[in-house]
Amino acid sequence: MNNDEKLICMDMGGMRNATHDDNAVLCLGIESSCDETSAALVDSNRNILSHVIYSQIPEHQKYGGVVPELAARAHILAIDDVIKQTLVKAGKTIDDVDVVAATAGPGLIGGVLVGWMAATGLAQSTGKPLVAVNHLEGHALVPRLHATRADGTGAGIDVEFPYLLMLASGGHCQILLVRGVGQYELIGQTLDDSAGEAYDKVAKMLGLGYPGGPIVDKRAQDGNPRAFDFPRPLCDKPGCDFSFSGIKTAARTFLSRAETPLTDEYINDFCASFQAAVVDCIVNRLNNAMRDSRVRDAGPKTLVVAGGVAKNSAIRAAMEKLAKKNNMVFAAPPMNLCTDNGAMIAWAGIENYRVGRVVVEPIAPRPRWPLTEL
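Residues numbered from 1 in each chain as written. Predicted model: local features only at pLDDT ≥ 70, side-chain atom pairs only at ≥ 80, totals over all residues. Heavy atoms only, no water.

Undergrad: Would you mind showing me how to read the packing of aromatic side chains here?
TA: Ring pairs (aromatic) are described by centroid distance and by the angle formed between their planes. In this structure the tally under the stated criterion is eleven aromatic pairs. Where Phe228 meets Phe254, the ring centres are 5.5 Å apart and the plane angle is 55 degrees; that geometry is what we call tilted. Here the residue Phe228 occupies a position in the loop between helix H6 (212–220) and helix H7 (245–256), and Phe254 occupies one in helix H7, the gap between them amounting to 26 residues. Taken together, a centroid distance of 5.4 Å and an interplanar angle of 80 degrees make the contact between Phe230 and Phe270 edge-to-face. Linking Phe230 in the loop between H6 and H7 with Phe270 in helix H8 (residues 264–290), this pair joins segments that are 40 residues apart in sequence. With respect to burial, Phe230 and Phe270 carry one shared label: buried. (Phe/Tyr/Trp six-rings, centres within 6.5 Å; stacked < 30°, edge-to-face > 60°. Helix = DSSP H or I, 4+ residues; strand = E, 2+ residues; numbered from the N terminus. Buried < 20%, exposed > 50% of the residue type's maximum accessible area, 1.4 Å probe, protein only.)

What follows is the structure in structure tokens.
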């Protein structure tokens, strides 16, 4: 990193306790799958002792998205400092760590390799156990570290297996029945674009900047959700799969007919209408999932949303309403644990370490790694 670049120290809100129990398992988690270099120290009592993120967003904003080669180079420059600061802020050394965990895929392989090689070197040089974490499993399990209600309250929510999960992260959008660590049953998935991709592409069409999801969500709160008649793909079909490409195409068609420059009112209405369509599709597919025989037989008591899209206020509110309607509890990670972060990797490392899922022979990181293959 350049001297003028800063490490972003995440708010440690959500810690169950203020101090570390020496009898608890302490895990160093490392995340580098996309555009954040992150590390965290988390223990098996759900304490986040320290959490550091170096965000590359400013470097990629001018391109309107993540440039893989630039991301990999930034990870190389940041990784040592991020790990060092994580240990220093917790008042720990590598000798205090019980297990090392890192993302081994899926993700941009250049970035994944940086974090994985750093973790492998630390584990081999110290004799610590090493856990290869599936990045998606990090998102899937982090609500068990700490979960809130839709409005961000409710720090005492405990998410027990099994639970029904809406996982929307990056290019992924899936409904999964989470039976346990490494036990994921796919109920539905996107057939084309993910929800997050649709948000980013619509934001780019509107010239709102990157990352687009939070901006669209904010503008939607001041708009009319019925101003534009966006389609609801597959909502008249059985099953639990998603399709968002038609919504994206409709957005392009509407904008091709619009008078420019676009007014703030037009943009707000457009964002509200687009978001309403996405939310309707998610609720429709989840409603079908709750009636799927596999889900009914498992009897999950909690409906969970995780991944970057879990920060979206409308999606959280709609899912909480759906959960209540079906006598389920709604849970989501706190906002600072929705996007990619080291704490989720550390917690997934602990969960996997507890059930004996550690690296016993060299493995190759993977750009694609479906949860169902665990």
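Structure's up, so let's keep going.
Undergrad: Looking at this model, I keep getting lost on a nonpolar patch on the surface. Mind explaining?
TA: There is a patch of nonpolar side chains on the surface, built from Ile109, Leu113 and Met117 and spanning about 260 Å² of accessible area. Note that Ile109 resides in helix H3 (residues 109–126). Exposure remark for Ile109: the relative accessible area of 33% places this residue in the partly exposed category. (Patch = residues over 30% accessible without salt bridge, like charges linked within 9 Å, V, L, I, M, F, W, Y side chains within 5 Å. Areas by Shrake-Rupley, 256 points an atom, 1.4 Å probe, with all protein chains shown as cover. Salt bridge = Lys/Arg side-chain N within 4 Å of Asp/Glu carboxyl O.)

Undergrad: For this particular structure, what's the right way to read the environment of Lys62?
TA: Within the fold, Lys62 resides in the loop between helix H1 (57–60) and helix H2 (68–90). Overall, the relative accessible area of 67% leaves Lys62 in the exposed class. With 310 residues separating them along the chain, Lys62 and Thr372 place their C-alpha atoms 36 Å apart.

Undergrad: Help me understand the packing of helix H5 (residues 195–206) against H6, please; the structure alone is not making it clear to me.
TA: Each pair of packed helices can be summarised by the angle the axes make with each other and by the distance between the axes. With their axes 8 Å apart at the nearest point, H5 and H6 run at an angle of 70 degrees to one another. Classified by the interaxial angle, the pair formed by H5 and H6 is roughly perpendicular. Residues Tyr199, Asp200 and Ala203 of H5 form the contact with H6, whose own contacting residues are Gly212, Gly213 and Val216. (Axes fitted to C-alpha atoms, helices over the stretch in contact; angles between N-to-C directions. Parallel < 35°, antiparallel > 145°, perpendicular 65-115°, else oblique. Contact = heavy atoms within 4.5 Å.)

Undergrad: What exactly am I supposed to notice about the sheet that holds strand E7 (residues 163–169) here?
TA: Backbone-to-backbone hydrogen bonds join strands into a sheet, with any given pair of strands oriented parallel or antiparallel. Spatially, the five strands line up as an open sheet ordered E9-E8-E7-E10-E11, and their pairing is mixed. Taken across any chain shown, the strands that pair with only one partner, and hence form the sheet edges, are strand E9 (183–189) and strand E11 (329–331). Taken pair by pair, the neighbouring strands of this sheet meet at an average axis angle of 25 degrees, ignoring direction. Across six bridges, the pairing between strand E8 (residues 172–180) and E9 is antiparallel. Bridge pairing links Leu177 to Glu185 in E9. (Pairing = 2+ DSSP bridges.)

Undergrad: So what exactly am I meant to see when it comes to the pairing of strand E4 (residues 48–55) here?
TA: Looking along a regular strand, one sees side chains alternate from face to face of the sheet. Of all eight residues making up E4, eight are buried, and the element is well covered by its neighbours. Looking at chain direction, strand E3 (residues 36–43) and E4 are connected through seven bridges and run antiparallel. Bridge pairing in E4 places Ala39 opposite Val52. Hairpin connection, E3 to E4: the antiparallel pair is bridged by four residues, and Arg46 has positive phi, about 70 degrees.

Undergrad: Whenever I open this one, a negative patch on the surface confuses me. Can you help?
TA: Together, Asp21, Asp22, Asp95, Asp96 and Asp98 make up a region of like negative charge exposed at the surface. Within the secondary structure, Asp21 is located in the loop between strand E1 (8–9) and strand E2 (26–31). Judged by its relative accessible area of 33%, Asp21 falls in the partly exposed class. (Lys, Arg positive; Asp, Glu negative; His and termini not counted. Charge placed at Lys NZ, Arg CZ, Asp CG, Glu CD.)

Undergrad: Quick question: what am I supposed to make of the confidence of the model for the chain here?
TA: Put simply, the chain has an average pLDDT of 93, and 94% of its residues get 70 or more. Counting contacts from residues 1–6, a segment whose pLDDT is below 50, to residues more than four positions away or on other chains yields eight contacts. This stretch, residues 9–18, has a pLDDT under 50; its non-local contacts, to residues over four places away or in other chains, come to 24 contacts. (pLDDT = per-residue confidence, 0-100.)

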